[in-house]
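In case you want the letters, here they are:
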Amino acid sequence: MTTFNSKNNHARLTINRDAQEMLDRAREDNIPTVWDRLAAQEPQCGYCAMGLSCRNCAMGPCRVDPFGEGPQKGVCGADADIIVARNLGRTIAAGASAHSDHGRDILETFHATAEGKTSGYRIVDHEKLKTLARERGIAIDDRTPNDVAHDLAEAMFEEFGTRKESLDFLARVPKKRRELWQKLGITPRGIDRENVEMLHRTHMGVDNDYVNILLHALRTSLSDGWGGSMIATELSDVMFGTPKPLLSRVNLGTLKADHVNIALHGHNPMLSDVIVQAANDPELVKLAKAKGAAGINLVGLCCTGNELLMRRGIPMAGNHLMQELAIMTGALEAMVVDYQCIMPAVTEVAKCFHTQVISTFDKAKFPGAIHVTFDPNRGIEIGKEIVRRGVEAFANRNPERVRIPVGSMPMMAGFSVEAILAVLGGTPAPLVDAIKQGTIRGAVGVVGCNNPKIPQDYGHVVLTRRLIEKDILVVVTGCAAVANGKAGQMVPEAAEQAGPGLKAVCKALGIPPVLHMGSCVDNSRIITLAAALANYLGVDIDQLPLAGAAPEWYSEKAVSIGAYVVASGIYTVLGVQPPIFGSRNVVKLLADGLEGVVGAKFAVEPDPEKAAVLIRRHIESKRKALGLPHIAPESVRAPEEALHAGWPAS
Ligand code: BF8
Ligand code: SF4
């Protein structure tokens, strides 16, 4: 395959120097990357981009002509509204299923740990275990942690089923919102149930009312945010520790030329956590030294990386679009993958180097990878086997091909809800007071992926910078967090980049203006925090000066996240156009009508400068409605010179 990148356009593909340098190598060595494959796909299918194609049955595939000249209905009679809504519903079901199946895997390991059947796992956070048990009315007095954990696991297994009226975590949601969901008929009942029902409804000839389909899509997403993802986050905290603020480093400079380098990529912390234990095994360290390495260096990629960064301070090599480029350093002995967001392309790139791709979950196999089936009952043993493979691959490294670009950047992480409350002195009061006075105008979650359609990290970094400059606290997860880390916006010194109010608060607390709250399942931390603030003030979530943004989203999981954030009452701006523009009615509902239904809506704005303006207007309008000091929302504009002012240095 020819590569389309030329040296002079790398800055249009990514704002990061480490990535640009690896793209030079890709060009020199003629190794195709995600950007080349995107170019090869262009022009992408216009029907699909608008959500107007359907292949839900064998009378199709069908498409609806957006210009009104060709067919306006599929073979079954489905029109644009039905087709677009069904496609969106299925996308949300896929995303919610990915998060929730991850949650189930964690839950199964937690259950087995409670029964003493696993190796390498234990209950670490007893306080969180007790909180979760109390939330469900599970007795804790005079019982061992394992007994309590066992009952908790049983109760959570039920969350996946079909026999409940409502998920247990909904107890965290403000009463008004729960009543609203009940009234709308979108209270999530069972995690698997809502996903299965979404697939059922979108089968030919079931739900043909686009509003009804989309309401169930919201319910499906809520079963992710307040269900599967929340179980994943909370049980990972119980088993691996609830994150606390710590300093680590980020970008490809975290790879070490004189060490065995092993990258942990994917989403589930179950395997990677035992690998961290295995990498400290004196025998394996000795073996690495015997092979001529100075030691074993673990780095993270994507959300497995975020899980390890948050809890263990393991350095982060990069976000989504860095996975191929990390291999191109020639310094990676092994890339250990679990699941989600791992491009099948990595095994092809690995063939050009000595890197071994090691797949670990039987549900996620990669042709060209070595497969080591992960089994939590033999966690440590398997962890050691994988690390040993990495160490042995060091002998195959060609030192002349090692090219580690740039030095790493420091980055602070570890802001769980508990850690944020601890920083505030144990209560949300100081944050709420700062928001009331206007020292901090509001808070925004900037989350989600990289997408090669947007210069890598540009959307995340510019949007975040513009918000903190205007005294808006930013919390980040997933690939957005890594982007901001690389840009130097996640160290306490970055308070200097914030407006005067936020800067003063950050300096007083010793925190950055951009707080890393974790991986993508940890968006459940963001909604937990939003709910806690609303409960503290006795209001509903949609009344708070909050917003969400996914400037560079690509994945089905991100669509589910966006949907549950909006359904929870938080206005959300997307930087990449979702495939819904084939139906004016669906767009009208999501970008307007939903406001009157759930108190929040979506906006699409690819330019992060303009997205910042939309968000600031929204925040000021919420402040106004609460009777707080505010700037007239309509007067919030970007200074002309700020628009397209160029990319910040990384
Ligand atoms: O779950 S942000 S590219 S790595 S989907 Fe994937 Fe998107 Fe990154 Fe994490 Ni989330
Ligand atoms: Fe075509 Fe209807 Fe079948 Fe979709 S469900 S492929 S629109 S006939």
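Since the structure is predicted, the reported quantities are computational estimates derived from the model, not experimental observations. (Residues numbered from 1 in each chain as written. Chains lettered and ligands numbered in written order. Predicted model: local features only at pLDDT ≥ 70, side-chain atom pairs only at ≥ 80, totals over all residues. Heavy atoms only, no water.)

Undergrad: Just checking my understanding: could you explain unusual backbone geometry for this structure?
TA: What is expected of a backbone is that most residues other than glycine have negative phi and most peptide bonds are trans. Put simply, Glu-42 and Pro-43 share a cis peptide bond, and its omega is 0 degrees. Residue Pro-61 is reached from Gly-60 by a cis peptide bond, and omega for that bond is 10 degrees. Its place among the elements puts Pro-61 in the loop between strand S1 (53-54) and strand S2 (62-63). Unusually for a residue other than glycine, Cys-302 sits at a positive phi of about 50 degrees. Owing to a relative accessible area of 2%, Cys-302 belongs among the buried residues under this scheme. Of note, the phi angle at Gln-340 is positive, near 75 degrees, even though the residue is not glycine. Note on Gln-340: relative accessible area 18%, which makes it buried. (Helix = DSSP H or I, 4+ residues; strand = E, 2+ residues; numbered from the N terminus. Buried < 20%, exposed > 50% of the residue type's maximum accessible area, 1.4 Å probe, protein only.)

Undergrad: Got a minute to help me understand the sheet that holds strand S16 (residues 602-604) in this structure?
TA: Sheet strands associate in pairs through backbone hydrogen bonding, adopting either a parallel or an antiparallel arrangement. One open sheet accounts for six strands, arranged S13-S12-S11-S14-S15-S16; its pairing is parallel. The open sheet has two edge strands with one neighbour each: strand S13 (514-518) and S16. Neighbour-to-neighbour, the strand axes of this sheet turn through a mean angle of 25 degrees, independent of strand direction. Bridge count between strand S14 (residues 546-550) and strand S15 (residues 572-574): three bridges; the pairing is parallel. Among the inter-strand pairings, Ala-549 is bridged to a residue of S15, identified as Val-573. (Pairing = 2+ DSSP bridges. Axes fitted to C-alpha atoms, helices over the stretch in contact; angles between N-to-C directions.)

Undergrad: Would you mind going over the pairing of strand S8 (residues 356-359) with me for this structure?
TA: On a regular strand, each side chain points to the face opposite its neighbour's, so the side chains alternate between the two faces of the sheet. Here four bridges tie strand S7 (residues 334-337) to S8, and the two strands are oriented parallel to one another. Counted as the bridge partner of Val-337 is Ser-359 from S8. Sheet topology places S8 next to strand S9 (residues 370-371); two bridges connect them, and they run parallel. Bridge assignment links Ser-359 to a residue of S9, and that residue is His-371.

Undergrad: Would you mind showing me how to read the site of ligand 1 here?
TA: Taken together, His-267, Cys-302, Cys-303, His-320, Cys-341, Gly-448, Cys-449, Cys-479, Cys-520, Tyr-554, Ser-555 and Lys-557 make up the full set of residues adjacent to ligand 1. A distance of 2.6 Å is found between an oxygen atom of ligand 1 and a side-chain nitrogen or oxygen belonging to His-267. Note that an oxygen atom of ligand 1 is positioned 3.1 Å from one of the side-chain N or O atoms of Lys-557. By residue class, the composition of the shell around ligand 1 is seven nonpolar, four polar and one charged. (Near = heavy atom within 4 Å. Polar contact = N/O pair within 3.5 Å; in protein donor to acceptor, adjacent residues only side chain to side chain. Nonpolar A, V, L, I, M, F, W, Y, C, P; charged D, E, K, R; others polar.)

Undergrad: Sorry, what's going on with the coordination of the nickel atom of ligand 1 here?
TA: Angles at a metal have ideal values that depend on geometry: 109.5 degrees with four tetrahedral donors, 90 or 180 degrees with six octahedral donors. Here the protein supplies the nickel atom of ligand 1 with just one donor, Cys-520 (SG), and that contact is 2.2 Å long. Classification of the site at the nickel atom of ligand 1 as irregular follows from its four donor atoms and the range of 89 to 157 degrees in their angles at the metal. Here Cys-520 is to be found in the loop between S13 and helix H22 (523-537). (Donors = N, O, S within 2.8 Å, 3.2 Å for Na, K, Ca; no water. Tetrahedral: all angles 85-135°; square planar, octahedral: opposite > 155°, others 65-115°.)

Undergrad: Would you explain the pattern of salt bridges in this entry?
TA: Proximity of charged atoms lets side chains of opposite charge pair with each other. Evaluation of the coordinates by the stated rule reveals 45 salt bridges. Glu-135 serves as the salt-bridge partner of Arg-136, at 3.7 Å between the closest nitrogen and oxygen. The class of Arg-136 is buried, set by a relative accessible area of 14%. On the basis of relative accessibility, which here comes to 33%, the residue Glu-135 falls in the partly exposed class. (Salt bridge = Lys/Arg side-chain N within 4 Å of Asp/Glu carboxyl O.)

Undergrad: Explain the pairing of strand S5 (residues 296-301) here, please?
TA: Among the six residues in S5, six count as buried, and that is most of the element. Residue alternation in S5 divides its side chains into two sets, Ile-296, Leu-298 and Gly-300 and Asn-297, Val-299 and Leu-301, and both sets are buried. One ladder, built from six bridges, connects strand S4 (residues 260-266) with S5; its direction is parallel. From the neighbouring strand, Ala-263 faces S5, where its bridge partner is Val-299. One ladder, built from two bridges, connects S5 with strand S6 (residues 316-318); its direction is parallel. Residue Leu-301 lies in a different strand from S6, and its bridge partner there is Gly-318. Each parallel crossover has a hand, and for S5 linked through helix H13 (residues 302-312) to S6 it is right-handed. (Right-handed = clockwise from strand over helix to strand, strands pointing away.)

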